[in-house]
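Residue strings, one per chain:
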Amino acid sequence: MARAALHEIGRVLWLVPIAMTVNDIFVSVSKVKGNSMSPTLNPTGNAAEDLVVIDRLKPKMYKYDRGDVVIVRSPVEPGRLLVKRLIGLQGDWITVPSETKLRQIPQGHCWIEGDNKGNSEDSASHFGSVPLALVEGRVLGVLWPPRRMGTWVRRHEDTQRVVIKAS
């Protein structure tokens, strides 16, 4: 009996490193808390927690575009992950709603903002441009709740905000 149980554990245990590798490098699943990305994510408010699929591979290769919804390590609280929309990339000249002048995004940085402008800690309201190295993933779609399952998170580039694209 104990031998059979050990055999079953051994049959399953080899999957753990494979699952961890897939989660760290290729794709993972994460909860989105708060309503800074509403109505794109958590459209019903603070209590909602969309479960989303995250592409981890493309951001590691610096392959993302303006308008992507990304997972970013907070530049002010490194233990916290943020979900925001990528507004501009390094070298872009953008308009910032609270300022009258244009701002250039430094090399190696990006500009991120929540879709819910009035309730978002982001580049515009708190910390300015963010190092590209802090981008950890790109949100692909919603897995949960069931009524939103299969909703793909679309790229939405704000063409009014990016005045001059670097490339």
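Caption draft 1: Main features of the overall build of the chain. Along the chain, the regular secondary structure elements total four helices and 10 strands. Along the chain direction, N to C, the helices and strands of the chain fall in the order α-α-β-β-α-β-β-β-β-β-α-β-β-β. Looking at the 167 residues of the chain, the share that counts as buried comes to 37%. A separation threshold of at least 6 residues defines the contact pool for the chain, and within that pool the share at least 24 residues apart is 57%. Total accessible area on the chain stands at roughly 9,800 Å², and carbon and sulfur atoms take up 59% of it.

Caption draft 2: Region of the structure containing a nonpolar patch on the surface. There is a patch of nonpolar side chains on the surface, built from V29, L143, W144 and M149 and spanning about 390 Å² of accessible area. Counting through the fold element by element, V29 comes out in strand 1 (residues 27–32).

Caption draft 3: Main features of the nonpolar core. Counting residues in each nonpolar core, the largest one holds 12 residues, listed as Y64, V70, V72, L82, L86, L89, C110, I112, F127, V130, L132 and V135. Breaking this core down by element, the ones donating at least two residues are strand 3 (69–73), strand 4 (81–89) and strand 7 (109–113). Sorting elements by how many residues they give to this core places strand 4 first, with three residues. Grouped together as the second largest cluster of nonpolar side chains are 11 residues, L41, V139, V142 and V153 included.

Caption draft 4: Local environment of the side chain of S36. Here S36 shows up in the loop between strand 1 and strand 2 (50–55). Since its relative accessible area comes to 14%, S36 is described here as buried. Setting aside residues up to four positions removed in sequence, S36 forms contacts with V83, K84, G114, D115, N116, N119 and S120.

What counts, and where the lines are drawn
- Residues numbered from 1 in each chain as written.
- Predicted model: local features only at pLDDT ≥ 70, side-chain atom pairs only at ≥ 80, totals over all residues.
- Heavy atoms only, no water.
- Helix = DSSP H or I, 4+ residues; strand = E, 2+ residues; numbered from the N terminus.
- Buried < 20%, exposed > 50% of the residue type's maximum accessible area, 1.4 Å probe, protein only.
- Contact = heavy atoms within 4.5 Å.
- Areas by Shrake-Rupley, 256 points an atom, 1.4 Å probe, with all protein chains shown as cover.
- Patch = residues over 30% accessible without salt bridge, like charges linked within 9 Å, V, L, I, M, F, W, Y side chains within 5 Å.
- Salt bridge = Lys/Arg side-chain N within 4 Å of Asp/Glu carboxyl O.
- Core = buried A, V, L, I, M, F, W, Y, C linked by side-chain atoms within 4.5 Å.

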